[in-house]
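Notes for the structure review
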Amino acid sequence: MSELNLILLGPPGAGKGTQADRLRADFDLPYYATGDILRAAVKEQTDLGREAGEYMGRGDLVPDELIGKVMLERIDSDEARDGFVLDGFPRTLGQARELNDALEGLERRLTATLLIDAPDEEVIRRLSGRRVCRDNGHTYHVEFDPPKNKGFCDQDGSALVQREDDKLETVQHRLEIFHEQTKPLVDLYEKEGLLRHFDGTRAPDEVNGHIRATLATLRLEEQL
Ligand code: AMP
């Protein structure tokens, strides 16, 4: 079976995490999300977490030097031998170059970059209404998926809070950064023929169906 080395690209809140969960289930691939890795490091107060936390709270990108090593170690691990799904990395042209060089060094290459796109207004509505439970991170939305008991998690009863970087001004800032620093990757991967587009405003099942069909075609092409 050929490798499936995938990048999920798109603005924050476009549904990359939701699609990643399904991809993992469908294709049994390890999933590396820089946001999750960094948030865990902040919680555990590791050196990485202490340095990254300040940038994250402001909605700024963590410097490339801090991120690259963390991700490349994972790609070069046993569990990622048959492929991986990257979410949130690369996010700058510098990180894309670093990833490309590392893959070349391993004599591997990207299979595809899946762009899940959504307009800014939709992203703002989704993220600024998101709430997570303090104890276990279960996710709700004040408008689209409210808990039965306002302000508390249905599953464990803990208080629901807003992530610092989901506050309106921070979401707007994250979007600016996406347009300035991450959008250039769309052009890069388009030029390389690796980009596949998906409409993140569609229902998650529909997006998943499109992604599965695309990956099935890619695999067939690789085997020809
Ligand atoms: P996310 O959950 O992917 O939106 O990431 C949350 C925050 O983590 C971002 O706003 C950045 O501060 C930081 N972050 C995640 N991935 C990267 C990356 N590849 N490069 C720099 N900073 C990142």
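A brief look at the structure comes next. (Residues numbered from 1 in each chain as written. Predicted model: local features only at pLDDT ≥ 70, side-chain atom pairs only at ≥ 80, totals over all residues. Heavy atoms only, no water.)

In this section: helix H6 (residues 120–128). The complete set of buried residues in H6 reads Glu-122, Val-123, Arg-126 and Leu-127. Buried residues of H6 fall within an arc of 115 degrees about the axis and therefore sit on the same side. (Buried < 20%, exposed > 50% of the residue type's maximum accessible area, 1.4 Å probe, protein only. Helix = DSSP H or I, 4+ residues; strand = E, 2+ residues; numbered from the N terminus. Arc of directions from axis to C-beta.)

All told, the structure shown has 17 salt bridges when counted by the stated rule. The residue Arg-163 makes a salt bridge to Asp-165 at a minimum N-O spacing of 3.0 Å. Asp-165 shares its class with Arg-163; the two are buried. Of the charged contacts in the structure, one is a salt bridge between Glu-164 and Lys-167, with a shortest N-O distance of 3.4 Å. Classification of Glu-164 by relative accessible area gives partly exposed; the value is 48%. A relative accessible area of 31% means that Lys-167 is categorised as partly exposed. The network of salt bridges with common partners includes Glu-122, Arg-125, Arg-126 and Glu-143. (Salt bridge = Lys/Arg side-chain N within 4 Å of Asp/Glu carboxyl O.)

Taken in spatial order, the three strands make up an open sheet running S6-S5-S7, and their pairing is antiparallel. Looking at which strands have only one partner, the edges of the open sheet turn out to be strand S6 (139–141) and strand S7 (160–161). Strand direction decides the pairing type here: strand S5 (residues 130–133) and S7, joined by two bridges, are antiparallel. What sits directly across from Val-132, in S7, is Val-161. Across the face of the sheet, H6 comes into contact with S5 and S6 while running at roughly 30 degrees to S5. (Pairing = 2+ DSSP bridges. Contact = heavy atoms within 4.5 Å. Axes fitted to C-alpha atoms, helices over the stretch in contact; angles between N-to-C directions.)

We now examine the site of the ligand. Around the ligand, 16 residues are found, and the nearest of them are Thr-34, Asp-60, Gly-88, Gln-95 and Arg-174. Interatomic distance of 2.6 Å between a backbone N/O atom of Asp-60 and an oxygen atom of the ligand. Contact between the ligand and Arg-91: an oxygen atom at 3.0 Å from a side-chain N or O atom of the residue. Burial of the ligand by the protein amounts to 94% of the accessible area it has alone, namely 480 Å². Among the residues forming the shell around the ligand, the class breakdown is six nonpolar, four polar and six charged. (Near = heavy atom within 4 Å. Polar contact = N/O pair within 3.5 Å; in protein donor to acceptor, adjacent residues only side chain to side chain. Areas by Shrake-Rupley, 256 points an atom, 1.4 Å probe, with all protein chains shown as cover. Nonpolar A, V, L, I, M, F, W, Y, C, P; charged D, E, K, R; others polar.)

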